[in-house]
Amino acid sequence: MDRPRNWLGARTTIILPVLVAVLSFVTGVVNISAVSISGPLGDLIPRSIQRTAGFTGALTGFTLLVSVVGLRRRLRIAWYATIVLLPVAAIQGLVQSSEVSIPFVGTVPSSALSIPLVVFSLLSLPAMLLNRRRFDRAVDLSTAQLAAGAALLGSLMYGTAGSYALRDEFTNLSTATDAFYYTLVTASTVGYGDVTPQSQQAKLFGMSVVVLGTASFAIALGSLLGPAIEKRLSEALGNMTDAQLDLLENHVLVLGHGDLTEPIIEELTGAIDFVVITPDTETATRLQQQDIAVLTADPSDEEPMQRAGIEEAAAVVAATNDDAQDALAVLTAQTLNPEVNIVAGATDRENIEKLRRAGADTVISPAVLGGHLIVQSALGRKGMENIADHLLDVNDEDDADI
């Protein structure tokens, strides 16, 4: 396989921004809690900028984690957001590269965190640019999600504009920031009580913010929890999620499941990533419980193969007890990706050539192979027993114990 593709593939593109996000958040928290600053940049950068960089650095780290969630779904908007946030994180790391004095801890060189932050931020950019084509999905929001977002935004705008207009009838509310703060803590049911209505009109308006705000927050929360519930249902039914499927590359597709498939799965486990496509729900659930990636679908259909990333696959294996089903699956796989290596298992000898014509690069008949080994061993041909023992993973010590 192409080594640069392995090192700078989808997983690397996800892992590096995660490291940057964690470092940005931790570095920001360290600088926020600092009581004094010294070091090479301590005299050059005002304390207010250092403190601001701490707050914004923590926020950048959190925002990067949100962008990573979008990257796992291969969203183009998440790619753009990450491209913007990575240089911001690097700049914030430079601003925070100094020594800080933390209560109960002492003097700590924040450069121990900020320098890796800058380095990983700069390393992440080439990986993001090289994998730009992978992140080509538009945001696919349902009507319910769009409505929930609009309701939440509308209620916040309503609360902010109304409370600012009535600012003279509230205590501790004089700016637009105060108005937004009041709306947010009221709609989210936090209610600190530092901003309170004083007139009947302000109280009526406050009640309307409570009703509209809490309702919009509940709707938005439900729209966010919906995909999570769907994910749990998919796992219960033995299906991989789209986020898991999107990260697959250089993997093996196992089309169908049968008696011939079990030893194949045992050989693949721990050796390479693979996905099993089977229409049997019970089998899919059992495989999922064994931490085996599986899709519950017809292995000869185009849609599940495309979801399982056949365009990025290293090989395709079709070896069930149904040669006709295997031939159809092989034909579909060869049509979707003519370059992929396809290996098929033939239950019946007469179907070997048919599977080759369907598009299999290699066809192996376990029955023919086993019969050949048995006959050659019975005729006293040397080496046959060693070959069989090697295939069955049997050693002399086990035989001696028996």
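What you see is a predicted model, and the numbers here were worked out from it, not measured in a lab. (Residues numbered from 1 in each chain as written. Predicted model: local features only at pLDDT ≥ 70, side-chain atom pairs only at ≥ 80, totals over all residues. Heavy atoms only, no water.)

Asks: Break down the overall build of the chain for me, citing the residues and quoting the values.
Replies: On a plain count of helices and strands, the chain comes out with 17 helices and 9 strands. Per-residue burial over the chain gives 41% buried out of 402 residues. Taking the contacts inside the chain whose residues are at least 6 apart along the sequence as the reference set, 65% of them involve residues at least 24 apart. Carbon and sulfur atoms make up 62% of the accessible area of the chain, which amounts to about 22100 Å² in all. (Helix = DSSP H or I, 4+ residues; strand = E, 2+ residues; numbered from the N terminus. Buried < 20%, exposed > 50% of the residue type's maximum accessible area, 1.4 Å probe, protein only. Contact = heavy atoms within 4.5 Å. Areas by Shrake-Rupley, 256 points an atom, 1.4 Å probe, with all protein chains shown as cover.)

Asks: Would you mind going over the environment of Ala 215 in detail, with residue names and values included?
Replies: Within the secondary structure, Ala 215 is located in helix α8 (residues 200-236). On the basis of relative accessible area, Ala 215 is assigned to the partly exposed category, the value being 36%. In this structure, the C-alpha to C-alpha distance between Ala 215 and Ala 187, residues 28 residues apart in sequence, is 8.3 Å.

Asks: Describe in detail the confidence of the model for the chain, supporting the description with residues and values.
Replies: This prediction gives the chain a mean pLDDT of 79; 75% of its residues lie at or above 70. Taken element by element, the predicted model of the chain shows its lowest mean pLDDT in helix α17 (residues 396-401) (43) and its highest in strand β7 (residues 315-318) (93). Within the model, the stretch residues 1-6 combines pLDDT values under 50 with 10 contacts to residues more than four positions away or in other chains. Below a pLDDT of 50 lies the segment residues 394-402, which in the model reaches 2 contacts outside its immediate sequence neighbourhood of four places, other chains included. (pLDDT = per-residue confidence, 0-100.)

Asks: Which residues make up the packing of aromatic side chains, and what values go with them?
Replies: Going through the model one piece at a time under the given rule, you end up with 4 aromatic pairs. Seen from their ring centres, Tyr 181 and Tyr 192 are 6.3 Å apart, and the 5° between their planes marks the pair as stacked. Separated by 11 residues along the polypeptide, Tyr 181 in helix α7 (residues 176-187) and Tyr 192 in the loop between α7 and α8 bring together distant segments of the chain. Its relative accessible area of 59% is what places Tyr 192 among the exposed residues. Positioned above the aromatic ring of Trp 79, the side-chain terminus of Arg 76 is 5.8 Å from the ring centre. When the ring centre of Tyr 164 is taken as reference, the NZ or CZ atom of Arg 167 above it lies at 4.2 Å. (Phe/Tyr/Trp six-rings, centres within 6.5 Å; stacked < 30°, edge-to-face > 60°. Lys NZ or Arg CZ within 6 Å of the ring centre and 35° of its normal.)

Asks: Please give an account of the environment of Ile 342 that cites residues and values.
Replies: Its place among the elements puts Ile 342 in strand β8 (residues 341-345). Owing to a relative accessible area of 0%, Ile 342 belongs among the buried residues under this scheme. Sequence spacing of Ile 342 and Asp 361 is 19 residues, and the spatial spacing of their C-alpha atoms is 5.3 Å. In this structure Ile 342 touches Val 316, Val 330, Ala 333, Gln 334, Gly 359, Ala 360, Asp 361 and Thr 362, once residues within four positions along its chain are discounted.

Asks: Go over the UniProt feature "transmembrane region" (unreviewed entry) in the chain, please, and point to the residues and values.
Replies: Mapped onto this numbering, the UniProt entry annotates "transmembrane region" (unreviewed entry) at residues 12-37, 49-70, 77-95, 101-125, 146-166 and 204-225. Here residues 77-95 runs as 100% helix and 0% strand, with 28 Å between its end C-alpha atoms. (UniProt positions renumbered as here; feature names shortened; annotations may be inferred.)

Asks: Give me the lowdown on the sheet that holds β7, citing residues and values where you can.
Replies: Strands sit in the order β6-β5-β4-β7-β8-β9 across an open sheet of 6 strands; the sheet is parallel. Of all strands in the sheet, those with a lone pairing partner are β6 (294-296) and β9 (362-364), marking the two edges. Averaged over all pairs of adjacent strands, the angle between their axes in this sheet comes to 20°, without regard to strand direction. Sheet topology note: the strand β4 (residues 252-255)/β7 ladder contains 4 bridges and is parallel. From the neighbouring strand, Val 254 faces β7, where its bridge partner is Val 317. Against the sheet, helix α11 (residues 281-289) makes contact with β5 (274-278) and β6, and its axis sits at roughly 160° relative to β6, the strand it touches most. (Pairing = 2+ DSSP bridges. Axes fitted to C-alpha atoms, helices over the stretch in contact; angles between N-to-C directions.)

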